[in-house]
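# Summary of the model geometry
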Amino acid sequence: MSIKRVTGLALVFFAVICMLAAFIDLYKTFDNKNAISAKKSDITTASPPESAKRTIRVYFFYGNGKCPTCDAIKDATIEAISDIEETYFKKCAINIEWKGINIEEAGNEKYITRFNLFSTTVVLQDSADHKNWKRLDEVWNLASDREILRKYIKEQILKFAGGCS
């Protein structure tokens with residue numbers, strides 16, 4: 001094996017270790033003061049009857065610490081859900097269910113492997129088909145512009161839901 005190849009592999013290995021360390025540090029810096037709450041009344045829709053509606057779960061996964069970027073992602077997600085419910089889903093057979101989940105609380109570790117989580121993020125899931133889900137990784141890249149972030153989340157929810165049927 002050549003020195004260049006060994007050096008290249010060592011650099012790749014080092015980069016992977018650094019990324020893992022960064023993600024671990026991210027979770028360790030969280031504290032318990034970052035609770036997520038969303039009123040159920042903020043996330044309901046009108047007709048058709050509830051029994052006929054398809055439910056899209058919008059998960060917001062977070063940790064225990066203060067994180068302004070995480071707060072921006074959470075707020076933009078709630079705003080996007082509100083926008084969608086007011087504009088699109090009142091006449092649609094779609095319901096949105098918000099779930100804020102602290103992955104550092106006991107019993108919630110299962111979500112890390114189920115959705116391949118590596119940081120605070122938003123995940124969309126069809127409640128009728130638990131294998132049908134999408135992680136919105138782009139939220140971190142868009143978090144510096146709340147309007148663009150909200151628009152992205154809104155578009156992703158609508159696309160995932162398959163439109164208004």
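Structure report, in brief. Quick caveat: nothing in here was measured; it's all calculated off a predicted structure.

The next thing to look at is helix 2 (residues 68-87). In this model, helix 2 (20 residues) spans 28 Å end to end at C-alpha, consistent with the 28 Å of a helix rising 1.5 Å per residue. All of the buried residues in helix 2 are Cys70, Ala72, Ile73, Lys74, Ala76, Thr77, Ala80, Ile81, Ile84 and Glu85. Close packing links the buried residues of helix 2 with strand 1 (54-62), strand 2 (94-102), strand 3 (121-126), helix 4 (139-142) and helix 5 (146-161).

Another point: the pattern of salt bridges. Counted by the stated rule, this structure contains nine salt bridges. Taking the shortest distance from any N to any O, the salt bridge between Arg146 and Asp75 comes out at 3.9 Å. With Arg146 in helix 5 and Asp75 in helix 2, the pair connects residues that are 71 residues apart, well separated along the chain. Classification of Arg146 as partly exposed rests on a relative accessible area of 37%. For the salt bridge of Asp83 with Lys154, the shortest nitrogen-to-oxygen distance reads 3.9 Å. Note that Asp83 is positioned in helix 2 and Lys154 in helix 5, a separation of 71 residues in sequence. Look at Asp83 and you get partly exposed, because its relative accessible area is 21%. Bridged by salt links that share partners, the residues Lys74, Asp75, Glu79 and Arg146 form one connected network.

We now examine the pairing of strand 1. Extensive coverage of strand 1 is indicated by the burial of eight of its nine residues. Of the pairings in the sheet, the one linking strand 1 to strand 3 comprises six bridges and is antiparallel in character. Following the sheet pairing, Tyr59 is matched in strand 3 by Val123.

The four strands lie next to each other as 2-1-3-4, forming an open sheet whose pairing is mixed. Strand pairing shows two members of the sheet lacking a second neighbour, strand 2 and strand 4 (129-135), which therefore form its edges. Ignoring which end each strand starts from, the neighbouring axes of this sheet average 25 degrees apart. Against the sheet, helix 2 makes contact with strand 1, strand 2 and strand 3, and its axis sits at roughly 165 degrees relative to strand 2, the strand it touches most.

This next bit is on the nonpolar core. Nonpolar side chains in soluble globular proteins tend to be buried together. Among the nonpolar cores identified, the biggest contains 28 residues, and Val58, Val122, Val139, Leu149, Ile153 and Ile157 are the most heavily contacted of them. The set of elements that each furnish at least two residues to this core consists of strand 1, helix 2, strand 2, strand 3, helix 4 and helix 5. The residues contacting Val139, other than those within four sequence positions of it, are Ile73, Thr121, Val122, Leu149, Tyr152 and Ile153. If you look at the next biggest cluster of nonpolar residues, it comprises eight residues, including Tyr59, Ile103, Tyr111 and Leu117.

Procedures and definitions
- Residues numbered from 1 in each chain as written.
- Predicted model: local features only at pLDDT ≥ 70, side-chain atom pairs only at ≥ 80, totals over all residues.
- Heavy atoms only, no water.
- Helix = DSSP H or I, 4+ residues; strand = E, 2+ residues; numbered from the N terminus.
- Expected span 1.5 Å × (residues − 1).
- Buried < 20%, exposed > 50% of the residue type's maximum accessible area, 1.4 Å probe, protein only.
- Contact = heavy atoms within 4.5 Å.
- Salt bridge = Lys/Arg side-chain N within 4 Å of Asp/Glu carboxyl O.
- Pairing = 2+ DSSP bridges.
- Axes fitted to C-alpha atoms, helices over the stretch in contact; angles between N-to-C directions.
- Core = buried A, V, L, I, M, F, W, Y, C linked by side-chain atoms within 4.5 Å.

The values are spatial; any link to function lies outside them.
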